[in-house]
Amino acid sequence: MTETLWDIYLPIIQQVNEYGGFLSSFQISKYILDIIEDRTAAGDAVCSSLKAKIYQAITQFKGLQDYRALSEFYEAYYEAVFYLVADQRGVFLREITAGANRGNTPDFESMASPKIGFEVKTINVADPTTTYSKAMWDGMNARIDAYEAARQRGIGTGASVVSPHGEARDLHEVIEQIMKKIDGNVKQGQYAAAPTFLVVAVGRTALHADDRNLKKQFVMYSGDAPINGQLWTVAAHHCDECFFFYSEKGIILHRPLNRNGILLDHDFIAGIIFLETIWHKINSSDYREEGYPPENIYPLQETYQLKGIYNFEWEKNSLFSSDQKAAARAAFQKICHVYNDTDDIRSSQISD
């Protein structure tokens, strides 16, 4: 019997968890890996390719601190998540072979014409080697503390703190760090052949990706001043405008951001689609009631959400045809669970 992706992954992550763990491993669902297996067996060419990419990443794992292999596995996994969620949303995609047109292509394009592209990026933690190593050592120490407490009192717990944004002191610095990371991954050539959206998986960041964070501003608590939506800020905030946010002490602070939102600096991107993982629902994704199909809508649609910001500057300035622009907007609206735009026009239609 051929080993499945889960068969290969499970003993590796169990070994890693014995020594403190990999900070992103809890986001990997057996349910998703099983869907990839099932759809590959059914002849889905995209899932077959993604399975091969995931397999290559995890089988090159060389030891406990091989964070690169684990990270590549995670990134390939989230490409597959996006493909599966898009499929459930009725936007059917094909994969574009890596290296096609010398790399000047997105990861996916629509099956329907006019073609619409989707380029998937998974934002990593700050200073990955240091951050992953520290998280593993802290996890190991917490495990030792729990064992010692259990030996003395019969029960023990341990805790460790993960800092995905390294030395960032507050949300203002986190937002600028995320903007910088996204900006560093944008290649204009990938957006040239067809209207193309940037898809950003934010599971390894501290971004709040609930619906209200698609707004330019919203009031979190009654009587408080408004704060800025984090997703909207990353996409569309203007340089030197103040960013309003809560401090760790619950006080609203504000400072100008030193960067533009990604869509303002890159008007060749049709929009940003943030791929959110709803962490407390990940375990429910592994539950498969007898009789449910592999692509049971609950785990995909409830555990993974696509939140978009449409770029009006792209629509105004792009040289694509009116039919292509209309197709891009229609695909964006169809694929997103919730969406806004760079002018914040739809803000009133998004609940707090």
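Residues numbered from 1 in each chain as written. Predicted model: local features only at pLDDT ≥ 70, side-chain atom pairs only at ≥ 80, totals over all residues. Heavy atoms only, no water.

Before going further, it helps to spend a moment on helix H2 (residues 30-41). Its twelve residues give H2 an end-to-end C-alpha distance of 16 Å, which sits within 8% of 16 Å, the value for a rise of 1.5 Å per residue. Among the residues of H2, those classed as buried are Tyr31, Ile32, Leu33, Asp34, Ile35, Ile36, Glu37 and Arg39. Measuring from the backbone nitrogen of Tyr31 back to the side-chain oxygen at the start of H2 gives 3.1 Å, which picks out Ser29 as the cap. One or two residues past the end of H2 sits Gly43, with phi positive at roughly 100 degrees. (Helix = DSSP H or I, 4+ residues; strand = E, 2+ residues; numbered from the N terminus. Expected span 1.5 Å × (residues − 1). Buried < 20%, exposed > 50% of the residue type's maximum accessible area, 1.4 Å probe, protein only. Polar contact = N/O pair within 3.5 Å; in protein donor to acceptor, adjacent residues only side chain to side chain.)

Given a rise of 1.5 Å per residue, 15 residues ought to cover 21 Å, and the 21 Å separating the end C-alpha atoms of helix H3 (residues 45-59) matches this to within 8%. Of all the residues in H3, the buried ones are Val46, Cys47, Leu50, Ile54, Ala57 and Ile58. Down the axis of H3, the sector holding all buried residues measures 95 degrees, keeping them to one side. Exposed residues pointing more than 90 degrees away from the buried face of H3 are listed as Ala45 and Gln56. You can read the cap of H3 off the contacts: a side-chain oxygen lies 3.0 Å from the backbone nitrogen of Val46, and it is on Asp44. (Arc of directions from axis to C-beta.)

Ranked by size, the top nonpolar core spans 60 residues in total, and within it Ile32, Phe82 and Phe118 carry the most contacts. Ranked by residues supplied to this core, first place goes to helix H4 (residues 67-88) with 14 residues. In contact with Phe82, not counting residues within four places along its chain, are Leu93, Phe108, Phe118, Val120, Val199, Leu275, Leu306 and Ile335. Formed by 32 residues, the second largest nonpolar core is a distinct cluster that contains Val200, Ala209, Trp232 and Phe268. (Core = buried A, V, L, I, M, F, W, Y, C linked by side-chain atoms within 4.5 Å. Contact = heavy atoms within 4.5 Å.)

Within the fold, Glu176 resides in helix H6 (residues 171-184). Along the backbone, Glu176 and Gly261 are 85 residues apart, and their C-alpha atoms lie at a distance of 9.2 Å. In contact with Glu176, not counting residues within four places along its chain, are Pro256, Leu257, Asn258 and Arg259.

Here we come to the packing of H3 against H4. It is the contact of H3 with H4, at a shortest axis distance of 8 Å, that shows an interaxial angle of 165 degrees. With respect to H4, the element H3 is oriented roughly antiparallel. The chirality of how H3 crosses H4 is left-handed. The residues of H4 that touch H3, namely those facing Val46, Cys47, Leu50, Lys53, Ile54, Ala57 and Ile58, are Ala69, Leu70, Glu72, Phe73, Ala76, Tyr77, Glu79, Ala80, Tyr83 and Leu84. (Axes fitted to C-alpha atoms, helices over the stretch in contact; angles between N-to-C directions. Parallel < 35°, antiparallel > 145°, perpendicular 65-115°, else oblique. Left-handed = near helix turned anticlockwise from the far one by under 90°.)

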